Amino acid sequence: MSFLTGRTRVCGIIGDPIEHTMSPAMHNAAFETLGLDYIYLPFRVRREELQNAIAGMRALNIVGLNVTIPHKVDVIPLLDKLDPLAEGMGAVNTIVNDNGVLIGCNTDAPGFLQTLRSRGIEPEGKKIVILGAGGAAKGIAFILARAGARLVILNRTASKAGGLASQIAQLYGKSLKAMESSEGNLAEALDGADVLVNTTSVGMVPDVGQTPVPAGLLKPGMTVFDIVYNPRETRLLREAKAAGARAIDGLDMLVWQGALAFEKWTGREAPFEIMKQAAVKALASEK
Ligand code: ATR
């Protein structure tokens, strides 16, 4: 890159595997557009090297890192501080190096919320059905509960849905429903729902013929948000549109999590559309 100098600030992403990440494309496009002397690099870090990698971040004065699978939880004890959301969720996707103090943050769930709001949906008082109870569901459930949504959590494994619901109930002091994602329960949960969020991997490449919800349960007036971004139009979203529902794919959430990390590292407003274009291009070149 032509803009590298002796003052270039280094950011990056640690994970394993890392070769499919779209983050370098997004962040470097943003740095270039704003003329910032920063660079963003992918680092494949194996589990057993995580501690060394974080020590390396300190030693090399890397200003910011994103953290992805499998390190989002294990990185926590290696950091100096956590922001409240990362602490509540027990997961970090962004590290800010504040003059040698490593602060763990989470921009995944805020990226989800920002995407909803950018489509004019304010969660307060809305009935929102979350499918899945894994790491992604946890962040989304936390942030939606905090924003005042009425939540129902459904999962293939009912006990995991119940576990997540009780964690949220403890934090926010309100009870929420958790059920197994059987067709009958889905029908009950979706009755009167404003938003349905799929956080499971059902419908993701290579299983593009699958959907987590029977098409007949999707209604006009409902918003269906699938956090999957590969493909952008999952079977769920295709059937949602056909039913007259509003469809939101996972790409904006991915771009917003990057944009929010960018703002923490640079103090500048992120050029969202530039980052999105770069992500779309990177996604297309993966195929
Ligand atoms: P992530 O961090 O992306 O949320 P995860 O923690 O592995 O990933 O969670 C995956 C979620 O997708 C879980 O809710 C999982 O359901 P189980 O808890 O029952 O395993 C759900 N999931 C994955 N494959 C699924 C399938 N074929 N049918 C239904 N749910 C599925």
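Everything below is about the structure shown above.
Attention in this report is confined to the structure presented alongside it. Only a predicted model underlies this, so the values are computations on that prediction, with no experimental measurement involved. (Residues numbered from 1 in each chain as written. Predicted model: local features only at pLDDT ≥ 70, side-chain atom pairs only at ≥ 80, totals over all residues. Heavy atoms only, no water.)

## Describing the overall build of the protein
Along the backbone of the protein there are 10 helices and 12 strands. The C-alpha radius of gyration of the protein comes to 19 Å, within 12% of the 19 Å expected for a compact globule of 287 residues. With the C-alpha coordinates of the protein rotated into their principal frame, the extents come out at 60 × 40 × 30 Å. Relative to its full complement of 287 residues, the protein shows a buried share of 50%. Here the contacts in the protein between residues at least 6 apart in sequence split such that 66% fall between residues at least 24 apart. Taking the average place of the 30 positive charges on the side chains of the protein and the average place of its 29 negative ones, the gap between the two points comes to 2 Å. (Helix = DSSP H or I, 4+ residues; strand = E, 2+ residues; numbered from the N terminus. Rg over C-alpha atoms; globule rule 2.2 N^0.38 Å. Buried < 20%, exposed > 50% of the residue type's maximum accessible area, 1.4 Å probe, protein only. Contact = heavy atoms within 4.5 Å. Lys, Arg positive; Asp, Glu negative; His and termini not counted. Charge placed at Lys NZ, Arg CZ, Asp CG, Glu CD.)

## Structural notes on the site of the ligand
All residues in the neighbourhood of the ligand are listed as Gly132, Ala133, Gly134, Gly135, Ala136, Asn155, Arg156, Thr157, Lys160, Thr200, Ser201 and Val202. One of the side-chain nitrogen or oxygen atoms of Asn155 is found 2.7 Å away from an oxygen atom of the ligand. Within the contact set of the ligand, an oxygen atom lies 2.9 Å away from a side-chain nitrogen or oxygen of Arg156. Considering the ligand on its own, with 650 Å² of exposed area, one finds that the protein chains cover 62% of that surface. (Near = heavy atom within 4 Å. Polar contact = N/O pair within 3.5 Å; in protein donor to acceptor, adjacent residues only side chain to side chain. Areas by Shrake-Rupley, 256 points an atom, 1.4 Å probe, with all protein chains shown as cover.)

## What to know about the sheet that holds strand S6 (residues 101-105)
Strands sit in the order S2-S1-S3-S5-S6-S4 across an open sheet of 6 strands; the sheet is mixed. With partners counted over all chains shown, the strands left at the sheet margins are strand S2 (38-44) and strand S4 (81-82), one partner each. In this sheet, S6 lies alongside strand S5 (residues 94-98) in antiparallel orientation, the contact comprising 5 bridges. When the sheet's bridge partners are listed, Val96 is paired in S6 with Ile103. (Pairing = 2+ DSSP bridges.)

## As for the pairing of S6
With 4 of 5 residues buried, S6 is to be regarded as a mostly interior element. Connecting S5 to the next strand, S6, in antiparallel fashion are 2 residues, including Asn99 with a positive phi near 50 degrees.

## Description of the nonpolar core
By size, the foremost hydrophobic cluster in this structure holds 32 residues, and its most contacted members are Phe112, Leu144, Leu151 and Ile153. When residues of this core are traced back to their parent elements, those giving at least two are helix H3 (84-89), helix H4 (108-118), strand S7 (127-131), helix H5 (135-146), strand S8 (150-155), helix H6 (158-172) and strand S10 (195-198). With 7 residues, H5 is the largest single contributor of residues to this core. Lining this core are residues from two domains, each supplying at least three of them: domain 1 (9-106 + 252-286) and domain 2 (110-249). Those residues in contact with Leu144 that lie beyond four places of it in its chain are Phe112, Leu113, Leu116, Pro123, Ile128, Ile130, Ala149 and Leu151. In terms of nonpolar packing, the next biggest core, distinct from the first, is built from 29 residues, Ala30, Tyr38, Tyr40 and Ile103 among them. (Core = buried A, V, L, I, M, F, W, Y, C linked by side-chain atoms within 4.5 Å. Domains from an automatic or database assignment.)

## Things to note about the packing of aromatic side chains
Counted under the stated rule, the structure contains 6 aromatic pairs. Members of the aromatic cluster, joined through ring pairs, are Phe31, Tyr38 and Phe262. (Phe/Tyr/Trp six-rings, centres within 6.5 Å; stacked < 30°, edge-to-face > 60°.)

## Structural notes on unusual backbone geometry
For the bond from Asp16 to Pro17, the omega torsion is 10 degrees, close enough to zero to count as cis. Here Pro17 shows up in the loop between strand S1 (9-15) and helix H1 (23-34). Each neighbour pair has its own omega, and for Val205 with Pro206 the value is 5 degrees, a cis peptide bond. Looking at where Pro206 falls in the secondary structure, it is placed in the loop between S10 and strand S11 (223-226). Unusually for a residue other than glycine, Asn61 sits at a positive phi of about 55 degrees. Tracing the sequence through the fold places Asn61 in the loop between helix H2 (50-60) and strand S3 (64-67). Assessed through its relative accessible area of 48%, Asn61 is described here as partly exposed. Phi at Asn99 is positive, roughly 50 degrees, even though this residue is not glycine. Mapping Asn99 onto the fold places it in the loop between S5 and S6.

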